[in-house]
Amino acid sequence: MNKKPFYIVGFMGTGKSTLFNFMQEHGDVVDLDEEIEAWIGTDIATYFDQYGESAFRDVESKVLQRIDADFVLTGGGIVERPENIRWMREHGKIIHLDLPFEECWARIKDSDRPLVKKGESEVRALYNRRTTFYQEADETIDASQTPRCIAEQIIRMKEEKV
């Protein structure tokens, strides 16, 4: 099995956090958002509201670089900073969970995510902007599949990569 971490990236609603339970028996799995919340001592939405996106992205970058795990489930905006993409690529493999905007929106529109509050057109613009960054991933997986199927594909990739 590949010893380098696999960084799972994708837009909000692609199912990154849902993979946790399916993957934990195959290695150390860390949900970056949970680690960030432990680091900042509050939930991300509250931190976002109090300090803004830029401050949140600063914390996100710091916490990313402290994580030591086989699989790191990132937040959708981790790709907003080119240095995060470089760091993940240098230290592991980037796996992109891909899902059309309409499916992402259907999954997240009623959530309390800070960026969703901006409305569908703003979130669509964000999706379009981030798509370019997601395309820099080492591998892409269709996220319309079941979480178990997605997890099995990632685990297979991890076992094959030397």
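These numbers come from a predicted model, not from an experiment.

A. Here's a closer look at the overall build of the chain. A tally of helices and strands in the chain yields seven helices and five strands. Its helices and strands taken in sequence order, the chain reads β-α-β-α-α-β-α-β-α-α-β-α from the N to the C terminus. Taken across its 162 residues, the chain has 48% of its residues classed as buried. When the accessible surface of the chain is summed, it comes to about 8300 Å², and 44% of that surface belongs to carbon and sulfur atoms. Positive and negative charge centroids in the chain, built from 22 and 31 side chains respectively, lie 3 Å apart.

B. Molecular detail of the packing of aromatic side chains. By the definition in use, this model includes seven aromatic pairs. Ring centres of phenylalanine 11 and tyrosine 127 lie 5.1 Å apart, and the angle between their planes is 85 degrees; this geometry places the pair in the edge-to-face category. One end of the pair, phenylalanine 11, is in the loop between strand S1 (6-10) and helix H1 (20-23); the other, tyrosine 127, is in helix H6 (residues 120-134), with 116 residues separating them in the sequence. One exposure class covers both phenylalanine 11 and tyrosine 127, and it is buried.

C. Spotlight on the side chain of threonine 14. With respect to the helices and strands, the residue threonine 14 is situated in the loop between S1 and H1. Classification of threonine 14 by relative accessible area gives buried; the value is 2%. Threonine 14 has contacts with Leu97, Leu99, Cys104, Arg107 and Ala143, leaving out every residue within four places of it along the chain.

D. The state of the cysteines, seen in detail. For the structure on display, the rule yields zero disulfides. Left unpaired, cysteine 104 is separated from the closest cysteine sulfur, that of cysteine 149, by 17 Å. Taking the relative accessible area as the measure of exposure, cysteine 149 reaches 28% and is therefore partly exposed.

E. How the structure looks around the pattern of salt bridges. Throughout the structure, instances matching the rule amount to nine salt bridges. One salt bridge connects aspartate 138 with arginine 89, and the closest N-O pair in it is separated by 3.7 Å. Here arginine 89 lies in helix H4 (residues 82-91) and aspartate 138 lies in the loop between H6 and strand S5 (139-142), a separation of 49 residues in the sequence. When salt bridges with common partners are traced through the structure, they connect Glu53, Arg57 and Glu60 into a single cluster.

F. Representation of helix H5 (residues 101-108) within the structure. Turning to H5, its buried residues number three or more, namely Phe101, Cys104, Trp105 and Ile108. For H5, the arc enclosing every buried residue in end-on projection is 95 degrees, short of the 170-degree limit, so these residues lie on one face. Elements that come into contact with the buried residues of H5 comprise H6.

Definitions and cut-offs
- Residues numbered from 1 in each chain as written.
- Predicted model: local features only at pLDDT ≥ 70, side-chain atom pairs only at ≥ 80, totals over all residues.
- Heavy atoms only, no water.
- Helix = DSSP H or I, 4+ residues; strand = E, 2+ residues; numbered from the N terminus.
- Buried < 20%, exposed > 50% of the residue type's maximum accessible area, 1.4 Å probe, protein only.
- Areas by Shrake-Rupley, 256 points an atom, 1.4 Å probe, with all protein chains shown as cover.
- Lys, Arg positive; Asp, Glu negative; His and termini not counted.
- Charge placed at Lys NZ, Arg CZ, Asp CG, Glu CD.
- Phe/Tyr/Trp six-rings, centres within 6.5 Å; stacked < 30°, edge-to-face > 60°.
- Contact = heavy atoms within 4.5 Å.
- Disulfide = S-S within 2.5 Å.
- Salt bridge = Lys/Arg side-chain N within 4 Å of Asp/Glu carboxyl O.
- Arc of directions from axis to C-beta.

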